[in-house]
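Chain residues, written in single-letter form:
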Amino acid sequence: MTTTHAASAPGGKGNAPQGTAQPGTALPGKTRSGKNRTTHARPGKNPPGKTRPGKRLSRSVIQVGLLIIGLVWLAPAAGLFVSSLRSEEDNAGSGWWQALAAPGQLSLDNYTALLQDSGITQAFWNTVLISVPTTIAVVVIAALAGYAFAWLEFPGRDWIFLLVVAMLVVPVQIGLLPVAKMFGALGLFGSIPGVILFHTAYGLPFAIFLLRNYFAEIPKEMLEAARMDGGGEWRIFSQLILPLGRPAIASLAIFQFLWVWNDMLVALLFADNESQPLTVALQSQMRQFGSNIGVLAPGAFLSLIVPVIVFFAFQRHFVQGVMAGSVK
């Protein structure tokens, strides 16, 4: 018996049997060998738009845990704020949480009395006059020095930088008495400029160390390209280094401001009654009037709220990338 197979001569138009494919082609869903292809899902992969229940559960547990930690962390500040709005009799008679059930206890009388106290208001402005110039001086000097240590060649650069780093291990308590004697000879003891100079001097080692290491991570090719385009050192620093170093500079400014704003040790020694900041004024109020919660609570919250506002105003700089979009 002879079996006839359908075939197409080269260049012909013969029809192939159903279920077969022309040479060099593949039917949808089949391989060239004629076998059906089976699509297998990769292990650990979910279809688009779907999430494993276990993953959703773990994410929810993490979010609840973070929420609980945040509430516990904010509880003292909330208690201080509520206490500052209650009278001294209410604070002495019950806990601050009782005011949540009796909102009629809350008023701004304590803040009104606090702002009418000339000593507290003067101490608040003294704190501003100390913190802001100190922060500006530390940031400006540290940025200039950090750029010099990172990208400028001069004799003894590495040894000087090691000396600056060595100053990080010197406790602030060691320099209190010698610097106090020197300020007394110079007529700076007990004044706001003396407190500013002390904070600036002891804030510079860490600031220079931080910014120098940050600036050193900038690609060298960018600076060379700027110099080839005719840019001088000052132009490179102001138009290239400062914009790229904005996250580190903003972080340094926030930390320096917080350190100086909340300081009491240096101000307690170097400031007199006319130049004392808010921390020293509140400490003297506690020493004179004991547990005068009607003055201490609003004063402490006033001292707390300013750093919080500063932090939230500059927090977006923490998440900015140093090289975002600068190198392709």
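The structure presented is a predicted model; accordingly, all values stated were derived computationally and were not measured.

So, about the overall build of the protein. Check the secondary structure of the protein and you find 13 helices and zero strands. Burial analysis of the protein (328 residues in total) assigns 32% to the buried set. Of all intrachain contacts in the protein linking residues separated by at least 6 positions in sequence, the fraction that spans at least 24 positions is 70%. Summing over all exposed atoms, the protein offers an accessible surface of approximately 21300 Å²; the carbon and sulfur share of this is 65%.

For the rest of this paragraph, the subject is the packing of helix 9 (residues 233–244) against helix 10 (residues 246–261). Between helix 9 and helix 10, whose axes approach to 4 Å, the crossing angle comes to 70 degrees. Overall, the two elements helix 9 and helix 10 adopt an arrangement that is roughly perpendicular. Packed against helix 9, whose contacting residues are L242, P243 and L244, the element helix 10 presents R246, P247 and I249 at the interface. Its residues placed into classes, the contact of helix 9 with helix 10 shows five nonpolar, no polar and one charged.

We now examine the packing of aromatic side chains. For any pair of aromatic rings, the description rests on two quantities: the centre-to-centre distance and the angle between the ring planes. Going through the model one piece at a time under the given rule, you end up with 16 aromatic pairs. A ring pair is formed by F198 and Y202, whose centres lie 4.7 Å apart and whose planes are at 25 degrees; its orientation type is stacked. Taken as a pair, F198 and Y202 lie in helix 7 (residues 192–216) at a separation of four residues, close to a single helical turn. Classification of Y202 by relative accessible area gives partly exposed; the value is 32%. Ring geometry for F206 versus W259: centroids 5.7 Å apart, planes at 65 degrees, classification edge-to-face. Separated by 53 residues along the polypeptide, F206 in helix 7 and W259 in helix 10 bring together distant segments of the chain. When its relative accessible area of 33% is taken as the criterion, F206 is described as partly exposed. Taken together, the aromatic side chains of F183, F189, F198, Y202 and F270 make up a single cluster linked through ring pairs.

Summarising the model, the protein shows a mean pLDDT of 79, and 78% of its residues fall at 70 or more. Predicted confidence is poor over residues 1–35, with pLDDT under 50, and the contacts of this stretch with residues over four places away or in other chains come to 17 contacts. Across residues 321–328, confidence stays below pLDDT 50; counting only partners more than four residues off in sequence or on other chains, it has 10 contacts.

Linking Y202 and V170, residues 32 residues apart in sequence, is a C-alpha distance of 9.2 Å. When near neighbours in sequence (up to four residues on either side) are disregarded, Y202 contacts P171, V172 and G175.

In this structure, T112 sits in helix 3 (residues 109–115). By relative accessible area, T112 is classed as partly exposed at 42%. Separated by 186 residues in sequence, T112 and P298 have C-alpha atoms that sit 9.7 Å apart. Within the local environment of T112, its side chain forms a polar contact with the backbone oxygen of L108, the two atoms lying 3.0 Å apart.

On to a nonpolar patch on the surface. The grouping of M167, L168, V169, V170, I174, Y202, F206, F255 and W259 at the surface amounts to a nonpolar patch, some 830 Å² of accessible area in total. Contributing elements (two or more residues each) for the nonpolar patch: helix 7 and helix 10. Structurally, the position occupied by M167 is in the loop between helix 5 (157–166) and helix 6 (176–186).

This part is about the pattern of salt bridges. Should the charged atoms of two oppositely charged side chains come close, the side chains can pair. Counted according to the given criterion, the structure contains four salt bridges. Two residues, D158 and R157, come together in a salt bridge whose shortest N-O distance is 3.6 Å. Two residues, E233 and R227, come together in a salt bridge whose shortest N-O distance is 3.1 Å. Taking relative accessible area as the criterion, R227 reaches 34% and is therefore assigned partly exposed. Linked by salt bridges that have partners in common, E153, R157 and D158 make up one network.

A few words on the nonpolar core. Counting 28 residues, the largest nonpolar core has Y147, L211, F215, I218, L223 and I241 as its most contacted members. The set of elements that each furnish at least two residues to this core consists of helix 4 (118–151), helix 5, helix 7, helix 8 (220–228), helix 9 and helix 10. Examining the composition of this core, we find that nine residues originate from one element, helix 4, more than from any other. Apart from residues lying up to four places away in sequence, Y147 is in contact with L152, F215, L223, R227, E233, I236, F237 and I241. V179, F183, V195 and V260 belong to the second-largest nonpolar core, a separate cluster that totals 13 residues.

Another aspect to go through is the environment of V295. Within the secondary structure, V295 sits in helix 13 (residues 293–314). For the pair V295 and Q285, spaced 10 residues apart in sequence, the C-alpha separation works out to 7.9 Å. Setting aside its immediate chain neighbours within four residues, V295 contacts L114 and Q285.

What counts, and where the lines are drawn
- Residues numbered from 1 in each chain as written.
- Predicted model: local features only at pLDDT ≥ 70, side-chain atom pairs only at ≥ 80, totals over all residues.
- Heavy atoms only, no water.
- Helix = DSSP H or I, 4+ residues; strand = E, 2+ residues; numbered from the N terminus.
- Buried < 20%, exposed > 50% of the residue type's maximum accessible area, 1.4 Å probe, protein only.
- Contact = heavy atoms within 4.5 Å.
- Areas by Shrake-Rupley, 256 points an atom, 1.4 Å probe, with all protein chains shown as cover.
- Axes fitted to C-alpha atoms, helices over the stretch in contact; angles between N-to-C directions.
- Parallel < 35°, antiparallel > 145°, perpendicular 65-115°, else oblique.
- Nonpolar A, V, L, I, M, F, W, Y, C, P; charged D, E, K, R; others polar.
- Phe/Tyr/Trp six-rings, centres within 6.5 Å; stacked < 30°, edge-to-face > 60°.
- pLDDT = per-residue confidence, 0-100.
- Polar contact = N/O pair within 3.5 Å; in protein donor to acceptor, adjacent residues only side chain to side chain.
- Patch = residues over 30% accessible without salt bridge, like charges linked within 9 Å, V, L, I, M, F, W, Y side chains within 5 Å.
- Salt bridge = Lys/Arg side-chain N within 4 Å of Asp/Glu carboxyl O.
- Core = buried A, V, L, I, M, F, W, Y, C linked by side-chain atoms within 4.5 Å.

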